[in-house]
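Analysis of the macromolecular model
Spelled out from the first residue to the last, the chains are:
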Amino acid sequence: MQFLPCASFIALLSAGIIGVGDRTWAQTPEQFYAGKNIDFVIGYPPGGSNDTLGRLVARHIGKHIPGKPNVIPKNMPGAGSFLAVNTVFNVSPKDGSVIGIGAPTMPLDERLGTQGVRFKTAELNWIGRTDSLINMVFMWKTSPVQTIADALKTESTLSGTGVGSTVSIYPTALNNVIGTKFKLVMGYKGSNEAMLAVERGEVEGHSTSWTAVKVAHPDWRPDKKINVIVQFSLKKHPELQDVPTVVELARNDEERQVLSAVVNAAEIGTAFFTAPGVPKDRVETLRRAFDATMKDPEFLAEAEKTKLTVGPLPGEELQKLVADVAAISPAILEKVRAAYATQK
């Protein structure tokens, strides 16, 4: 028997291993996903709105991915969804076999150095968004404050929940940046209780998501019981075309940059991503499958049944939104920090 020199054997072995790797990496998306499981990592506990929506997407996206993989929802709550995001970023395979959902504030939390962040949001591959999460301020019909112009001149009371929630952060940021005179009355246990306080006359208004108002009190705006005076978003919600966005209220470029960063989370909304380093064709495949899911009649019927609204954004646009936060200058970031965190 003739033996190859050690160096020659190692060279052949290495070539063989590399060849197998090349063939695996060179698979078409359909070949890669056929018979595979996709872990759908939900950074929240079971039963909440993010879990409900995540599982809804997971039930339908698989049929739009070539190869029809099995999509398996897995809850990984902890650290405000950061446990899941950190895992997808640092531990999960970088091959397109994992999809995650986390907090829409992730990009700004990263820039602000929030505790628990061990990820870079701009390096994640963003797949798509099911809907924006637009908050707004509404005032009860009897309040003397019925416009933003009024709010700049006259103090008005808003019911509030926790100091770290967008319910309080958004109106506080507006006070700090453009000088509105909202006074937060804290301590209400969730937006439903806070809205009841408005109806009872304990306060004049409330800042919460537009969806929350529609679901809890669908008659309030049509019956003119409330007046929505500002929406905390980069773009107007289709149902709030007559209401100014907070960015439109900026008086100069600096204010516009600060307010855009603060409400960037609203536009990112309920968004999904995969790990960094995933091959481009698989990222493209997941993005197009997500887009198809957002138009799927069965998906839309389920969303309507569970009172979830759908206002999708493609992964490419989502990626740009995230990159915009990553590019905020240090000087603007300090002003964002003050607007975002200071409670008056």
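Right, let's walk through the structure included here.

Thresholds applied
- Residues numbered from 1 in each chain as written.
- Predicted model: local features only at pLDDT ≥ 70, side-chain atom pairs only at ≥ 80, totals over all residues.
- Heavy atoms only, no water.
- Helix = DSSP H or I, 4+ residues; strand = E, 2+ residues; numbered from the N terminus.
- Buried < 20%, exposed > 50% of the residue type's maximum accessible area, 1.4 Å probe, protein only.
- Areas by Shrake-Rupley, 256 points an atom, 1.4 Å probe, with all protein chains shown as cover.
- Lys, Arg positive; Asp, Glu negative; His and termini not counted.
- Charge placed at Lys NZ, Arg CZ, Asp CG, Glu CD.
- Expected span 1.5 Å × (residues − 1).
- Contact = heavy atoms within 4.5 Å.
- Axes fitted to C-alpha atoms, helices over the stretch in contact; angles between N-to-C directions.
- Parallel < 35°, antiparallel > 145°, perpendicular 65-115°, else oblique.
- Nonpolar A, V, L, I, M, F, W, Y, C, P; charged D, E, K, R; others polar.
- Core = buried A, V, L, I, M, F, W, Y, C linked by side-chain atoms within 4.5 Å.
- Salt bridge = Lys/Arg side-chain N within 4 Å of Asp/Glu carboxyl O.
- Phe/Tyr/Trp six-rings, centres within 6.5 Å; stacked < 30°, edge-to-face > 60°.
- Lys NZ or Arg CZ within 6 Å of the ring centre and 35° of its normal.

**A look at the overall build of the chain**
A tally of helices and strands in the chain yields 15 helices and 11 strands. C-alpha atoms of the chain, sized along the principal axes, occupy 100 × 45 × 30 Å. Taking all 344 residues of the chain together, 48% fall into the buried category. For the chain, the exposed area adds up to about 15,900 Å²; of that, 57% sits on carbon and sulfur atoms. For the chain, the separation between the mean place of its 37 positive charges and that of its 35 negative charges on side chains is 2 Å.

**What about helix α14 (residues 315-326)?**
With 12 residues, α14 extends 17 Å between its outermost C-alpha atoms, agreeing within 8% with the 16 Å of an ideal straight helix rising 1.5 Å per residue. Here the buried face of α14 lies against α5 (106-112), β4 (125-131), α11 (264-268), β10 (270-274), α12 (280-294) and β11 (313-314).

**Here we look at the packing of α12 against α14**
One way to put it is that α12 packs onto α14 with a least axis distance of 10 Å and a crossing angle of 110 degrees. Between α12 and α14, the angle falls in the class roughly perpendicular. Residues Glu 284, Arg 287 and Arg 288 of α12 touch α14, and the partners they reach there are Gly 315, Glu 316 and Gln 319. Of the residues belonging to the contact of α12 with α14, the class tally is no nonpolar, 2 polar and 4 charged.

**Concerning the nonpolar core**
Phe 40, Val 57, Ile 61, Met 106, Leu 124, Trp 126 and Phe 272 are the most contacted members of the largest nonpolar core, which totals 45 residues. Setting aside anything within four residues of it in sequence, one finds Phe 272 in contact with Phe 40, Gly 54, Val 57, Ile 99, Gly 100, Ile 101, Trp 126, Ile 127, Gly 128, Thr 130, Phe 290 and Leu 318. Ranked by size, the runner-up nonpolar core spans 36 residues in total, among them Val 177, Leu 259, Ala 261 and Ile 328.

**Observations concerning the pattern of salt bridges**
Within the structure shown, the criterion is met by 19 salt bridges. Residues Arg 288 and Glu 316 are paired through a salt bridge, measuring 2.9 Å at the closest nitrogen-oxygen approach. Taken as a pair, Arg 288 in helix α12 and Glu 316 in helix α14 lie far apart in primary sequence, 28 residues in all. Given a relative accessible area of 31%, Arg 288 falls into the partly exposed group. Counted as one network, the salt bridges with shared partners bring together Glu 284, Arg 287, Arg 288, Asp 291 and Glu 316.

**Considering the packing of aromatic side chains**
Counted according to the given criterion, the structure contains 8 aromatic pairs. Between Phe 138 and Trp 220, the aromatic rings sit 5.7 Å apart at their centres with planes inclined by 65 degrees, giving edge-to-face as the arrangement. Of this pair, Phe 138 sits in strand β5 (residues 135-140) while Trp 220 is found in the loop between α9 (210-216) and β9 (226-232), placing the two residues 82 residues apart along the sequence. In this structure Phe 138 comes out as buried when scored by relative accessible area, which is 0%. Measuring from ring centre to ring centre gives 5.1 Å for Trp 140 and Trp 220, while their planes differ by 75 degrees; the resulting arrangement is edge-to-face. Taken together, the residues Trp 140 in strand β5 and Trp 220 in the loop between α9 and β9 connect sequence positions 80 residues apart. Members of the aromatic cluster, each reached through a chain of ring pairs, are Phe 40, Phe 272 and Phe 290. The ring of Phe 32 has Lys 36 sitting right over it, with the charged end atom 4.5 Å from the ring centre. Here the guanidinium or amino end of Arg 282 rests over the ring plane of Phe 32, the centre of that ring lying 3.8 Å away.

**Some details on the environment of Ile 127**
Tracing the backbone shows Ile 127 in strand β4. Taking the C-alpha atoms as reference points, Ile 127 and Leu 308, separated by 181 residues in sequence, lie 19 Å from one another. Discounting chain neighbours no more than four positions away, the residues touching Ile 127 are Phe 272, Phe 273, Thr 274, Val 283, Leu 286, Arg 287, Phe 290, Pro 314 and Gly 315.

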